[in-house]
There are 2 protein chains.
Amino acid sequence: MVERLLQRIDREILAAGGKRSRCRAVVMEHFFRAGHHLTVEELTRNVRTAFPGIGGVTVYRTLKLLARMGYAKELDFGEGTRRYESNLSSHHDHLVCRECGAVIEFQDPRIERLQELVTRRHGFRPAAHRLEIYGCCRDCAAGGGRAGKR
Amino acid sequence: MVERLLQRIDREILAAGGKRSRCRAVVMEHFFRAGHHLTVEELTRNVRTAFPGIGGVTVYRTLKLLARMGYAKELDFGEGTRRYESNLSSHHDHLVCRECGAVIEFQDPRIERLQELVTRRHGFRPAAHRLEIYGCCRDCAAGGGRAGKR
DNA sequence: GTTACTATGAAAGTGAATTTCATGATCAGG
DNA sequence: CCTGATCATGAAATTCACTTTCATAGTAAC
Ligand SMILES: [Mn+2]
Ligand SMILES: [Mn+2]
Ligand SMILES: [Zn+2]
Ligand SMILES: [Zn+2]
């Protein structure tokens, strides 16, 4: 599954004048296999367990590249460091727990529709949007859940 | 109007063990009189026309203080630099034009309500949220409107 | 006024992200 | 295979917004 995806991306990079590289392949593989909402540092740590020599700069560059190509999405939960997620799943927004850092994804067509109406009312042509709700997740509200799932 | 507000804030600062200061007063006055969605640098430029000696650090500190006290709100439109707005008007979200930087405020109780429902469904206790829609404003879509109103 | 604070701003520090540059890897063409 | 040409890599340097430090100036309680 991920194999096919990586081949496709490699072909696309090649067509654009780039070259294959083992480092980048390893980074991409870990990125698409990992859970969502990773920081560059978290992903770098993961990758290094399998490929210790990897430079952090390469992880930065690979994620930027994937974002430019449309395969990754940059997220900003106001922590001061960016997070990335695969852009292959369908659009969704996020509930972010400020206690444990858990991130819950949700998708609500009614909200999306109302956003459409708002932009239309203002003659605004929307290209992207971000909706994040910050607060306290169920586990933390119940008293100290430390799931920490991103 | 702003006079009364500044007096109230000064009293609050005094009650918390702070002291009055001419610099801070000038910064606050310009902040509340200025249009919304200013960066620290923009506000500093404004203040300096009336008070050339002011240090940028003081503007940073004053805005942070106002945010802590609940009179200002920090915004992040993904530009890499924070913006601030007065927190005295009622809650609203933003349409942000990526061409000219114009910011349109909107408020939609139906969207707010649906957000409530989403959090409830996940047992999530919301504390804050951010909804920004990025795209192209009416003027820019019509071909080169350069309003640039923040 | 004296005293004990707080506020200020220049300079230094911080930290994420980007750029630079010398070196290594990849590939097309002979 | 070679051989260039070009791209990828990563350590180090740089950038940039923002924060902290610290000596000095301002403020207010006594
Ligand atoms: Mn997500
Ligand atoms: Mn606003
Ligand atoms: Zn939690
Ligand atoms: Zn515009």
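What counts and how
- Residues numbered from 1 in each chain as written.
- Chains lettered and ligands numbered in written order.
- Predicted model: local features only at pLDDT ≥ 70, side-chain atom pairs only at ≥ 80, totals over all residues.
- Heavy atoms only, no water.
- Salt bridge = Lys/Arg side-chain N within 4 Å of Asp/Glu carboxyl O.
- Buried < 20%, exposed > 50% of the residue type's maximum accessible area, 1.4 Å probe, protein only.
- Pairing = 2+ DSSP bridges.
- Helix = DSSP H or I, 4+ residues; strand = E, 2+ residues; numbered from the N terminus.
- Contact = heavy atoms within 4.5 Å.
- Buried area = accessible area lost by both parts, 1.4 Å probe.
- Donors = N, O, S within 2.8 Å, 3.2 Å for Na, K, Ca; no water.
- Least-squares fit on C-alpha atoms with pLDDT ≥ 70 in both.
- Near = heavy atom within 4 Å.
- Polar contact = N/O pair within 3.5 Å; in protein donor to acceptor, adjacent residues only side chain to side chain.
- Disulfide = S-S within 2.5 Å.

*Asks:* Give a detailed account of the pattern of salt bridges, specifying residues and quantitative values.
*Replies:* Per the counting criterion, the structure on display carries 23 salt bridges over all chains. Here Asp 108 of chain A and Arg 110 of chain A are joined by a salt bridge, their closest N and O atoms 3.3 Å apart. By relative accessible area, which is 44% here, Arg 110 of chain A ends up partly exposed. Shared partners join several salt bridges into a network, and the residues in it are Arg 130 and Glu 132 of chain A together with Asp 76, Arg 130 and Glu 132 of chain B.

*Asks:* Explain the pairing of strand β4 (residues 103-106) of chain A to me, using residue names and the numbers behind them.
*Replies:* Judged from the 4 bridges that link them, strand β3 (residues 93-97) of chain A and β4 of chain A form a sheet pairing that is antiparallel. Opposite Val 96 of chain A, over in β4 of chain A, you have Val 103 of chain A as the bridge partner.

*Asks:* Account for the interface of chain A and chain B, with residues named and values stated.
*Replies:* Contacts between the two partners involve 34 residues from chain A and, on the opposite side, 34 residues from chain B. Roughly 3,100 Å² is buried in total at the junction of chain A and chain B, and carbon and sulfur atoms are behind 64% of that figure. Between chain A and chain B we count 2 salt bridges in total. The salt bridge involving Arg 130 of chain B is made with Glu 132 of chain A; its shortest N-O contact spans 3.9 Å.

*Asks:* Describe the coordination of the manganese ion (ligand 2), and please don't skip the residues or the numbers.
*Replies:* Residues and elements named next belong to chain B. Distances from the manganese ion (ligand 2) to its protein donors, namely His 37 (NE2), Glu 85 (OE), His 92 (NE2), His 94 (NE2) and Glu 105 (OE), fall within the range 2.0 to 2.3 Å. Written as a sequence motif, the donor residues of the manganese ion (ligand 2) are H-x47-E-x6-H-x1-H-x10-E. Accessibility expressed as a relative area gives 1% for Glu 85, which makes it buried. The class of His 92 is buried, set by a relative accessible area of 8%.

*Asks:* Outline the relation of the copies chain A and chain B, listing residues and values.
*Replies:* The pair of chain copies shares a relation made of a rotation about an axis and a shift along it. Screw-axis analysis of chain A against chain B gives a translation of 0.0 Å along the axis, an RMSD of 0.1 Å, and a rotation angle of 179 degrees. A rotation of that kind, with that shift, is consistent with a two-fold axis. Rotation axis and chain A: the residue whose C-alpha lies nearest the axis is Leu 131 of chain A, separated from it by 2.2 Å. Looking at chain A, 100% of its interface residues are interface residues in chain B too, so the copies touch through the same face.

*Asks:* Now, about the protein's contact with DNA strand D: what can you tell me, with residues and values included?
*Replies:* DNA strand D sits among 21 residues. The nearest are Lys 19, Ser 21, Thr 58 and Arg 61 of chain A together with Arg 82 of chain B. What you see for DNA strand D is that sugar and phosphate hold 67% of its atoms within 4 Å of the protein. Within the side chain of Arg 20 of chain B, a nitrogen or oxygen atom sits 3.0 Å from a phosphate oxygen of DNA strand D. In terms of residue count, helix α4 (residues 56-69) of chain B provides more of the surface near DNA strand D than any other element does, 4 residues in total.

*Asks:* Let's hear about the protein's contact with DNA strand C: which residues, and what values?
*Replies:* Lining the immediate surroundings of DNA strand C are 21 residues, of which Tyr 60 of chain A together with Lys 19, Ser 21, Thr 58 and Arg 61 of chain B lie closest. Of all DNA strand C atoms lying within 4 Å of any protein atom, the proportion belonging to sugar or phosphate reaches 69%. Take Arg 20 of chain A: an N or O atom from its side chain is 3.0 Å from a phosphate oxygen of DNA strand C. Here a phosphate oxygen of DNA strand C sits 2.8 Å away from a polar atom, N or O, in the main chain of Arg 82 of chain A. Listing elements by their share of the surface near DNA strand C, those giving two or more residues are α4 (56-69) of chain A together with α2 (22-33) and α4 of chain B. No other element matches the 4 residues that α4 of chain A contributes to the surface near DNA strand C.

*Asks:* Tell me about the state of the cysteines, residues and numbers included.
*Replies:* Residue and element names in this part refer to chain A. One pass over the full model with this rule turns up 0 disulfides over all chains. There is no disulfide at Cys 136, and the cysteine sulfur nearest it, in Cys 97, is 4.9 Å away. For Cys 136, a relative accessible area of 8% corresponds to the buried category.

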